[in-house]
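So the chains spell out like this:
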Amino acid sequence: MDLSPDSSQYDNPDLRLPEFQPGPSDLDFLHQLKTAIVSAAGVPSVDAAEIDKQFTLTCFPQQYQRLILILYAPGHKRILISRAAQDQPVAFSVIFKLLLSHPRCQQLATLPFRLQMDFVVEPPRPINFYSVGMEVGGTRHFEIGIDGLMFYGTDNKLHLFPPGDSYVRSVMGMGQLRDYLHRAYGEKYLRTAVFKRFRSESYLSGKDLWLRLYRGHPLIGALTKAKVERAVELAVGHIRQTQEENGKFLYYYDAALNSKRDHEHPKRNPDKNPYYNILRHGGGGLTCVFQEKYFHNGVTIGNIQRAIDYLVAHIRVQDYQGREGAYIYSEKKAKLGGSGIALYLLAEYQLLTGDTSYQKWADRLAWHLLNQITASGEFIYYNIYLDIPVKEEDNQKYFSFYYPGEAVCGLAKYLHLVDPKDRTPIFDKLRQALEFLLVVRPSTRASEYTVVPSDSWLMMGIKELWDFKEMRDPLYADFVFSDAQSMIDHLYKVADAPCPDYAGAFYYNYGDYPYADGARCEGLLGAYELAIKMGDQDKAVHIWRALRLAAWALMHLVNTEDSIYSAPYPALALGGIRFKYTRQWFRIDTIQHVASFFAKMLPHWDRAEIPSSS
């Protein structure tokens, strides 16, 4: 397999984005504006001439069609002020003074506020709002987060939806944008409105500097080890802050609405009718394990133990050939993947800490998983489904593409806890399962495979099994590297990305909205680690370049202190890792996959960066 890299495809993705480095005059201007806003809470003191003079010294656009100022403060509706240039440019101070005179400015000025400035430099262009979209090309293409809207209704009132509002309002596609505006203004009103699209240069005030926004998000800049470490720290900080005493993690949070109500199940009350996915719970525990394996600071040991105790509380014991096995039962189901990830977590924890107190449960989970491998090599996907035991002859009704890989991961890591003389029966069963997964399933379940490979758990499981010489089969390695290359083939590169921030994200069809995917990145990292174990440096270098670019894309999903400027409750949004670039919700698994990928990537960083920079 040719994995020859063209390094230019992966280098410096941030260089295509707007360059911005605030200078002394820009920082003086920031201080001047902040002082004026704070004074609005007391005795307003604004020297318009001085503000305009300082503005002329900044790097911000001096000529603009329209200026939009937005003031954010936690827990409060924002203030938006805008004016367009008419026969002559409108002075910055004129619009800024309108912001200060807003009735609610005094209230927001007493809080940790953020000021956003959007400069509309090019004239807005008329569009048909109901014919533009992300999927169409040419003049009808509308890029969510890059294009903004202004429209006049029959009442002749102007309404603005700045480009970054797709990020602020958690809008990812045209359907969601239309739904949002229909709720806000009514479809009848919009159907008769006159629309124009516009783009803007957008800046956000930070603590001591200006930040440039792109698609509503602060520019990432060059990827560094320190940034990756910080992302892990923030994510695990969120997990630790929100974990309940019984071990459960915060399952879902919508940072735009400060709500735990799942957008996919809007009628389900999270307090009266909570849903909790036990596989994702195990993943939350694994995130803490991987953080601890890298940082070795001991802060998550208690969190891991509570996560495991929650799993143990959901264990049911079953007899298999006179020996006790056990499975995880939750939400009226016993999923193969739930038991597989639970075993993975227990084994990782024991290898990390040396604590053998959960060994008996690991043994029972492993015995259950081995007994879920049928004579054909196919796993039984559910032991129980909606409280009804699943018979082997009904197994096909409950097919899951991902559960077998999760079971392989669990068994592979568990092998380290098994006396070498007792491993042979497990090896035999795993070979049987892998024969089915790699040879039989691609034919019998061809419709389940996507153009971008998605079985990262199986890729990671094979990487784990490579620790044992008895499981080093070229067939297994070929599968991992073949899927890795297919992933890389469907990764936007720096040169071909339709928009600069698409680089490093996956796509099914070229032109798709960027799909930065931590789960797939974990599989790609598994391929990198397998290449290292096999001593194949060429493959490792090639995969690392793709991993690095993918990591840069994933950084756009990380909720840092600066990226949660519009969140109504920043304390709960901080550290979350969002689902998409302009989507504000996150779940424990969206955090898990990205943070785990970062934490497992970091130990390789120093060694891997040497060849990639040569």
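Here the structure is shown first, and the text comes after it.
Cut-off values and rules
- Residues numbered from 1 in each chain as written.
- Predicted model: local features only at pLDDT ≥ 70, side-chain atom pairs only at ≥ 80, totals over all residues.
- Heavy atoms only, no water.
- Pairing = 2+ DSSP bridges.
- Helix = DSSP H or I, 4+ residues; strand = E, 2+ residues; numbered from the N terminus.
- Axes fitted to C-alpha atoms, helices over the stretch in contact; angles between N-to-C directions.
- Contact = heavy atoms within 4.5 Å.
- Buried < 20%, exposed > 50% of the residue type's maximum accessible area, 1.4 Å probe, protein only.
- Core = buried A, V, L, I, M, F, W, Y, C linked by side-chain atoms within 4.5 Å.
- Salt bridge = Lys/Arg side-chain N within 4 Å of Asp/Glu carboxyl O.

Novice: Explanation requested: the sheet that holds strand 6 (residues 158-161) in the structure shown.
Specialist: Think of a sheet as strands paired side by side through backbone hydrogen bonds, with each pair either parallel or antiparallel. Strand order in this open sheet of four strands is 4-7-5-6, and the pairing throughout is antiparallel. Of all strands in the sheet, those with a lone pairing partner are strand 4 (125-127) and strand 6, marking the two edges. Adjacent strand axes in the sheet meet at a mean angle of 30°, parallel and antiparallel pairs treated alike. Two elements, strand 4 and strand 7 (residues 194-198), share three bridges in a ladder whose sense is antiparallel. Opposite R125, over in strand 7, you have R197 as the bridge partner. Of the strands in this sheet, strand 5 (148-152) and strand 6 touch helix 6 (residues 174-185), which is tilted by about 145° from strand 6.

Novice: Before we go on, may I ask you to explain the pairing of strand 1 (residues 66-72) in this structure?
Specialist: When a strand is regular, its side chains alternate between the sheet's two faces. Of all the seven residues making up strand 1, seven are buried; the element is thus mostly covered by neighbouring parts of the structure. The alternating pattern of strand 1 places R66, I68, I70 and Y72 and L67, L69 and L71 on opposite faces, both of which are buried. By the bridge criterion, seven bridges tie strand 1 to strand 3 (residues 114-120) in an arrangement that is antiparallel. Within strand 3, the residue paired with I68 across the bridge is D118. Where strand 1 meets strand 2 (residues 79-84), six bridges bridge the pair, whose relative direction is antiparallel. Counterpart to I70 in the pairing with strand 2 is L80.

Novice: Would you mind showing me how to read the nonpolar core here?
Specialist: Burial of nonpolar side chains together is a common tendency in soluble globular proteins. Membership of the largest hydrophobic core comes to 163 residues, with the highest contact counts inside it found for L149, L177, L547, F597 and F598. Among the elements that take part in this core, helix 18 (residues 537-554) stands out by supplying 11 residues, more than any other. Setting aside residues no more than four positions away along its own chain, L547 makes contact with C521, L524, L525, Y528, F597 and M601. Among the nonpolar cores identified, the runner-up in size contains 32 residues, and F20, F29, L33 and I79 belong to it.

Novice: For this particular structure, what's the right way to read the side chain of R520?
Specialist: Turning to its location among the elements, R520 is positioned in helix 17 (residues 518-534). Every residue in contact with R520, bar those within four places of it in the chain, is listed here: T450, V452, P453, S454, S456, M487, F506, Y508 and Y515.

Novice: Teacher, can you tell me more about the environment of E292 here?
Specialist: Its location among the elements puts E292 in helix 9 (residues 278-295). Among the residues examined, E292 registers a relative accessible area of 7% and is labelled buried. Separated by 11 residues in the primary sequence, E292 and N303 place their C-alpha atoms 11 Å from one another. Ignoring any residue separated from it by four or fewer positions in sequence, one finds E292 in contact with N297, G298, V299, T300, I301 and L352.

Novice: How should I be thinking about the pattern of salt bridges in this particular structure?
Specialist: For side chains of opposite charge, pairing can occur when their charged atoms come near one another. If you walk through the whole model with that rule in mind, you get 29 salt bridges. For R197, the salt bridge identified is with D147, shortest N-O distance 3.3 Å. Of this pair, R197 sits in strand 7 while D147 sits in the loop between strand 4 and strand 5, and the two are 50 residues apart along the sequence. Between R230 and E561 there is a salt bridge, with the nearest N and O atoms lying 2.5 Å from each other. Residue R230 is located in helix 8 (residues 225-242), and its partner E561 is located in the loop between helix 18 and helix 19 (570-573); the two are separated by 331 residues in the primary sequence. According to the relative accessible area criterion, R230 is partly exposed, its value standing at 36%. On the accessibility criterion, E561 (37% relative accessible area) is partly exposed. Counted as one network, the salt bridges with shared partners bring together K293, E348, K413, K463, E464 and E529.

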